[in-house]
Amino acid sequence: MSELTDRLRAAGADMDGAMNRLVNDEELYATCFSYFMDDPFFAALGAALNSEDYAAAFEAAHSLKGVAGNLGLTRLYQLCGGLVEPLRHGQPGDAPLSELYEALIEERDALTLLAGK
């Protein structure tokens with residue numbers, strides 16, 4: 001395994017599943033991971049939540065959830081799921097969306113630092 005995948009595995013990422021999905025191509029994984037850490041949907045999600053555009057927030061969170069799952073980024077996947085479910089029907093009720101979003105960004109930033117970006 002590469003240094004990146006070793007670090008991510010130590011941080012709780014499902015690297016076996018991710019490598020299986022990406023046919024054990026660690027270079028491809030590193031490229032996808034790098035692009036994902038800079039994904040514009042992170043900012044789009046924050047903007048949509050701020051403007052209470054819950055349909056756009058759902059789309060962004062759902063997209064991020066899918067990629068996080070494919071990359072084996074378990075904690076990011078769970079945090080995205082925590083946003084997706086209350087947004088799914090456009091009525092988030094009393095869900096703590098801003099706190100979930102902050103936790104999502106903190107986790108993304110921690111993974112970015114872990115990767116040495």
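Please read all numbers here as calculations on a predicted model, not as lab measurements. (Residues numbered from 1 in each chain as written. Predicted model: local features only at pLDDT ≥ 70, side-chain atom pairs only at ≥ 80, totals over all residues. Heavy atoms only, no water.)

Novice: Got a minute to help me understand the overall build of the protein chain in this structure?
Specialist: Along the protein chain, the regular secondary structure elements total 7 helices and 0 strands. When the helices and strands of the protein chain are listed from N to C terminus, the series reads α-α-α-α-α-α-α. Rg of the C-alpha trace for the protein chain: 14 Å, near the compact-globule value of 13 Å for 117 residues, within the 12% margin. For the protein chain, with 117 residues in total, the buried portion stands at 40%. A separation threshold of at least 6 residues defines the contact pool for the protein chain, and within that pool the share at least 24 residues apart is 62%. The averaged location of the 19 negative side-chain charges in the protein chain is 4 Å from the averaged location of its 8 positive side-chain charges. (Helix = DSSP H or I, 4+ residues; strand = E, 2+ residues; numbered from the N terminus. Rg over C-alpha atoms; globule rule 2.2 N^0.38 Å. Buried < 20%, exposed > 50% of the residue type's maximum accessible area, 1.4 Å probe, protein only. Contact = heavy atoms within 4.5 Å. Lys, Arg positive; Asp, Glu negative; His and termini not counted. Charge placed at Lys NZ, Arg CZ, Asp CG, Glu CD.)

Novice: Could you clarify how one ought to interpret the packing of aromatic side chains in this entry?
Specialist: The relative placement of two aromatic rings is captured by the distance of their centres and the angle of their planes. Under the criterion given, the structure shown has 2 aromatic pairs. Note on Tyr-29 and Phe-33: the rings are 6.3 Å apart at their centroids and 20° apart in plane angle, and the pair reads as stacked. In this pair, Tyr-29 and Phe-33 both sit in helix H3 (residues 26–37), 4 residues apart, roughly one turn of the helix. Neither residue differs from the other here; Tyr-29 and Phe-33 are each classed as buried. Relative to Phe-42, the ring of Phe-36 has its centre 5.3 Å away and its plane inclined at 55°; by these criteria the two rings are tilted. (Phe/Tyr/Trp six-rings, centres within 6.5 Å; stacked < 30°, edge-to-face > 60°.)

Novice: Please explain the environment of Leu-8 as it appears in this structure.
Specialist: Checked against the element boundaries, Leu-8 lands in helix H1 (residues 3–10). For Leu-8 and Gly-93, which are 85 residues apart along the polypeptide, the C-alpha to C-alpha distance reads 34 Å.

Novice: Help me understand the pattern of salt bridges, please; the structure alone is not making it clear to me.
Specialist: Opposite charge on two side chains lets them pair, provided their charged atoms get close. Following the criterion strictly, the structure yields 4 salt bridges and no others. Of the charged contacts in the structure, one is a salt bridge between Glu-3 and Arg-7, with a shortest N-O distance of 2.3 Å. Here the residue Glu-3 and the residue Arg-7 both occupy positions in helix H1, the gap between them amounting to 4 residues, near one helical turn. A relative accessible area of 53% places Glu-3 in the exposed class. (Salt bridge = Lys/Arg side-chain N within 4 Å of Asp/Glu carboxyl O.)

Novice: Hey, could you run me through the side chain of Asp-39 in this one?
Specialist: Structurally, Asp-39 is set in the loop between H3 and helix H4 (40–50). A polar side-chain atom of Asp-39 sits 2.7 Å from the main-chain amide nitrogen of Phe-41. (Polar contact = N/O pair within 3.5 Å; in protein donor to acceptor, adjacent residues only side chain to side chain.)

Novice: Help me out: how do you make sense of the nonpolar core in this one?
Specialist: Nonpolar side chains tend toward joint burial in soluble globular proteins. In terms of nonpolar packing, the biggest core is built from 36 residues, with Leu-8, Tyr-29, Phe-36, Leu-45, Leu-73, Leu-83 and Leu-104 touching the most fellow members. Of all the secondary structure elements, the ones that give two or more residues to this core are H1, helix H2 (15–21), H3, H4, helix H5 (54–70), helix H6 (74–87) and helix H7 (97–114). For this core, the element with the highest residue contribution is H5, accounting for 7 residues. Setting aside anything within four residues of it in sequence, one finds Leu-45 in contact with Ala-57, Ala-60, Ala-61, Leu-64, Leu-83, Tyr-101 and Leu-104. (Core = buried A, V, L, I, M, F, W, Y, C linked by side-chain atoms within 4.5 Å.)

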